[in-house]
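# Fold and contact review
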Amino acid sequence: MPRELNYWLTTVQMSAGSAEPLPERADVAIVGAGFTGLSAALSLAKRGAKVVVLESETIGWGASSRNGGMVLTGLKLGVNQLISTYGRDLTRRMYTASLETIDTVEAIVKNEAIECDFSRCGHLEVACKQAHFDDYARQVEVIAREFNHQLSVVPRDQLHGEIGSSIYYGGMVDEVSAGLNPARYVAGLGAAAVRAGAQVSEQTRLQNIQRETLDGAPGFRLNTSRGKTWARSVFIGTSGYTGSATPALRKKVIPIGSYIIATEVLPEALALELSPRNRQIYDSKHYLYYYRLTPDNRMLFGGRAAFFPESGHTIRKSAEILRLGMIEVYPQLRDIKVEYVWGGTIDFCFDMMPHAGRIDGLYFALGYAGHGVAMATYQGLKMANWIADGETDNPFAEIPFPGAPLGLYNGKPWFLPFAGAYYKVLDWVS
Ligand SMILES: Cc1cc2nc3c(=O)[nH]c(=O)nc-3n(C[C@H](O)[C@H](O)[C@H](O)COP(=O)(O)OP(=O)(O)OC[C@H]3O[C@@H](n4cnc5c(N)ncnc54)[C@H](O)[C@@H]3O)c2cc1C
């Protein structure tokens, strides 16, 4: 049995927050010290705002240190579906934003000198069915025409140049995507936010928020597990860990578990055979697998092996499911030891889109649907601009933010087993 431990955390000394008591007042209180909250904190503190970040655990404790480190262009939904739902203009702006998200991460990594193995290695989507591959050509054509962005199709007989697996029907490559070590990245973001003057208070759980005027200024009283603070503006960046302190948001977010295994370090030649161009890879299923090499040549292989958020039980169960999935893709790894397994929680909204805006007077951004490394960083910056300047050009703030059909959801995802079964069926039939 592999160790139940996030491999990325073995590669980093996570940055520490502040031991100071909470300030009596701040310009902005940010809830959550992941990519979303910390990139907002960095940006606002650099503009001179007094910022306090409330984190119930430690810096990067949430999905931001646990993910695959794939810095991906595009959105969860396909371009044709986006255009038919939102129209050409808004889709164009959202897609352009998705390309900018990669530049945003790259600029922060460079400006803040974050050593996180950021590399523009591109991503590869592989087709599990002929019909999925046939759709790639259509997508490439629409993306080139509508968004002036070039992807390439890789036919089955040339796929060996991209991946050492023979089970797929072809692939689609986007050279703009990148990869990084997420734990090092979030640690670097945390350190940069602190350097810029933000107070990051760990082990500080937001319990509830009330509107309160202080010395004639409208704002919010935040009650936490370590006392009270007051802020003129509040930004919620809690993603899949959104809880009862923000009930209106909680009802709009479905927390879904995602799990990862990492093998022992592979011989150089085997690593090169599995992923000759070191791509960030994912397949075309609803119940998908995503995988890549780590900078020290482990195979990191993830998927939604169990739908429920992480627990000892779901993590142990996922280790074997994912190992079997990995061997199906790469029979070469049959005798390779799996050394680590861990899980984390992804935030899905009911339309599978990222959302940003204001709810009950609170700013928020979430709903990254497993595409959050780049988008969460970007949303943190966009929301910082909105809070500081009072206006925004964030296209994700313009789309409707649906709740559960018929309102049948209070934040406890009772329907996950049904959703899991539904997506498995979809993968058989579509
Ligand atoms: C296993 C896994 C693999 C993934 N792989 C990828 C990938 O390869 N590429 C990609 O783009 N995306 C991926 N994602 C998604 C990506 O990691 C997330 O979208 C992103 O990290 C979200 O960042 P965040 O800052 O919004 O939230 P998080 O990093 O989850 O941070 C939220 C924080 O809020 C805190 N919090 C919650 N409630 C409170 C409260 N009441 N008071 C104080 N603090 C609170 C939590 O403790 C947590 O630390 C993956 C996710 C998982 C789980």
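Before any of the text, the structure's been laid out above.
Residues numbered from 1 in each chain as written. Predicted model: local features only at pLDDT ≥ 70, side-chain atom pairs only at ≥ 80, totals over all residues. Heavy atoms only, no water.

## Some details on the overall build of the protein chain
Which entries qualify depends on this criterion: Comment: elements are numbered from the N terminus, with helices defined as DSSP H or I runs of at least four residues and strands as E runs of at least two. Within these notes, the globule rule equals 2.2 Å times the number of residues to the 0.38 power, and the radius of gyration is based on C-alpha atoms. When accessible area is computed with a 1.4 Å probe and restricted to protein chains, residues below 20% of their type maximum are described as buried, those above 50% as exposed, and intermediate ones as partly exposed. Any two residues whose heavy atoms approach within 4.5 Å are treated as being in contact. Working convention for charge: Lys and Arg count positive, Asp and Glu count negative, and His plus the chain ends are omitted. For charged residues, the charge sits on one atom: NZ in Lys, CZ in Arg, CG in Asp, CD in Glu.
A count of helical and extended segments in the protein chain gives 10 helices and 19 strands. Rg of the C-alpha trace for the protein chain: 21 Å, near the compact-globule value of 22 Å for 430 residues, within the 12% margin. Going through the 430 residues of the protein chain one by one, you find that 60% of them count as buried. Within the protein chain, counting contacts between residues at least 6 apart in sequence, those at least 24 apart form 75% of the total. In the protein chain, 42 side chains carry a positive charge and 43 a negative one; their mean positions are 5 Å apart.

## What to know about the pairing of strand S18 (residues 355-359)
Going by this rule: Pairing between strands requires that DSSP locate at least two bridges from one strand to the other.
Burial runs high along S18: four of the five residues are buried. When S18 meets strand S19 (residues 362-366), the two strands line up antiparallel, connected through five bridges. Bridge pairing in S19 links Arg 358 to Tyr 363.

## Let's talk about the nonpolar core
Applicable threshold: Take the buried residues of types Ala, Val, Leu, Ile, Met, Phe, Trp, Tyr and Cys, join any two whose side-chain atoms come within 4.5 Å, and each joined set is a nonpolar core.
Within the largest apolar cluster, 60 residues are counted, with the highest numbers of intra-cluster contacts made by Ile 30, Tyr 185 and Met 353. In this structure, Met 353 is in contact with Leu 75, Leu 77, Leu 82, Tyr 86, Met 94, Leu 366, Gly 367, Phe 396 and Ile 399, ignoring residues within four places of it in sequence. Ranked by size, the runner-up nonpolar core spans 29 residues in total, among them Tyr 259, Leu 266, Leu 274 and Phe 301.

## Here's the deal with the site of the ligand
The cut-off we apply is this: Nearness is defined per residue: one heavy atom within 4 Å of the molecule or strand is enough. Any pair of N or O atoms that falls within 3.5 Å is considered a polar contact. Within protein, one atom must be able to donate a hydrogen and the other to accept it, and sequence-neighbouring residues count only if both atoms are side-chain atoms. Calculation of accessible area relied on Shrake-Rupley with a 1.4 Å probe; when residues are assessed, cover is drawn exclusively from the protein chains displayed. Ten residue types, Ala, Val, Leu, Ile, Met, Phe, Trp, Tyr, Cys and Pro, are classed as nonpolar, four, Asp, Glu, Lys and Arg, as charged, and the remainder, Gly among them, as polar.
Taken together, 37 residues lie near the ligand, and Thr 36, Glu 55, Ser 64, Met 70 and Ser 239 sit nearest. In this structure, Tyr 241 approaches the ligand through a main-chain N or O atom, which is 3.4 Å from a nitrogen atom. In isolation the ligand has 1000 Å² of accessible area, and contact with the protein removes 98% of it. Elements represented by at least two residues in the shell around the ligand include exactly helix H1 (35-46), helix H2 (63-66), strand S13 (254-263), strand S17 (338-348) and helix H9 (372-389). Grouping the amino acids of the shell around the ligand by side-chain chemistry returns 14 nonpolar, 19 polar and four charged.

## Points about unusual backbone geometry
Positive phi, close to 50°, is recorded for Asp 215, a residue that is not glycine. If you trace the backbone, Asp 215 turns up in the loop between strand S10 (206-214) and strand S11 (217-224). If you check the backbone angles, Met 352 has positive phi at about 60° while not being a glycine. Mapped onto the elements of the fold, Met 352 is located in the loop between S17 and S18.

## Notes on the packing of helix H3 (residues 79-111) against H9
Using the following cut-off: Axes here mean lines fitted to C-alpha atoms, for a helix over just the part in contact, with angles spanning 0 to 180 degrees between N-to-C directions. The scheme is simple: roughly parallel for angles under 35 degrees, roughly antiparallel for over 145, roughly perpendicular for 65 to 115, oblique for anything else.
At a closest axis distance of 8 Å, the pairing of H3 and H9 adopts a crossing angle of 80°. Judged by the angle between their axes, H3 and H9 are roughly perpendicular. Taking contact as the criterion, the partners of Ala 97, Ser 98, Glu 100, Thr 101, Ile 102, Thr 104, Val 105 and Ile 108 in H3 are, on H9, Val 373, Ala 374, Met 375, Thr 377, Tyr 378 and Leu 381.

## Things to note about the sheet that holds strand S16 (residues 299-303)
With mixed pairing, the nine strands of this open sheet are ordered in space as S1-S17-S13-S16-S15-S14-S5-S7-S6. Each edge of the open sheet carries a strand with a single partner, namely strand S1 (3-4) and strand S6 (152-155). Pairing geometry for strand S5 (residues 123-126) and strand S14 (residues 280-283), over four bridges, is parallel. Its bridge partner lying in S14, Glu 125 is registered against Tyr 282.

## Details of the pattern of salt bridges
Put simply, the test is: A side-chain nitrogen of Lys or Arg and a carboxyl oxygen of Asp or Glu constitute a salt bridge if their distance falls within 4 Å.
Following the criterion strictly, the structure yields 24 salt bridges and no others. As a salt-bridge pair, Glu 339 and Arg 298 come within 2.8 Å of each other at their nearest N and O atoms. Of this pair, Glu 339 sits in strand S17 while Arg 298 sits in the loop between strand S15 (289-293) and S16, placing them 41 residues apart in sequence. What makes Glu 339 partly exposed here is its relative accessible area of 23%. Taking the relative accessible area as the measure of exposure, Arg 298 reaches 10% and is therefore buried. One salt bridge in this structure joins Asp 393 and Lys 382, with 2.8 Å as the shortest N-O distance. One end of the pair, Asp 393, is in the loop between H9 and helix H10 (416-429); the other, Lys 382, is in helix H9, and 11 residues separate them in sequence.

## A closer look at the packing of H3 against helix H4 (residues 130-147)
If you want to describe how two helices pack, look at the angle between their axes and the distance between the axes. Heads up, the rule is: A clockwise turn of the near helix away from the far one marks a right-handed crossing, whereas an anticlockwise turn of less than a right angle marks a left-handed crossing.
Interaxial distance between H3 and H4 falls to 11 Å at its minimum, and their mutual angle equals 35°. Between H3 and H4 lies a crossing whose hand is right-handed. Only Gln 139, Val 142, Ile 143, Arg 145, Glu 146 and Phe 147 of H4 make contact with H3, whose side of the interface consists of Val 79, Asn 80, Ile 83, Arg 88, Thr 91, Arg 92 and Tyr 95. Partitioned by chemical class, the residues of the contact of H3 with H4 number six nonpolar, three polar and four charged.

## So, the packing of aromatic side chains
The criterion, for reference: Here is the rule: rings of Phe, Tyr and Trp (six-membered ring for Trp) pair when centre to centre is within 6.5 Å. Planes less than 30 degrees apart are stacked, more than 60 are edge-to-face, and the remainder are tilted. Either the NZ atom of lysine or the CZ atom of arginine qualifies as a charge over a ring when it sits within 6 Å of the ring centre and within 35 degrees of the ring normal.
Counted under the stated rule, the structure contains 11 aromatic pairs. Relative to Tyr 340, the ring of Tyr 7 lies with its centre 5.5 Å away and its plane at 55°, an arrangement referred to as tilted. Taken as a pair, Tyr 7 in the loop between S1 and strand S2 (25-31) and Tyr 340 in strand S17 lie far apart in primary sequence, 333 residues in all. Note on Tyr 7: relative accessible area 4%, which makes it buried. Ring centres 6.0 Å apart and planes at 75° place the aromatic pair Phe 133 and Tyr 136 in the edge-to-face group. Of this pair, Phe 133 and Tyr 136 both sit in helix H4, separated by three residues, roughly a single helical turn. Given the relative accessible area of 15%, Phe 133 is considered buried. On the accessibility criterion, Tyr 136 (1% relative accessible area) is buried. The structure contains a cluster of three or more aromatic residues connected by ring pairs, namely Tyr 289, Tyr 291, Phe 301 and Tyr 330. For Arg 66, the ring lying beneath its charged end belongs to Trp 61, and the centroid distance is 4.7 Å.

That's the geometry; what it means functionally is another story.
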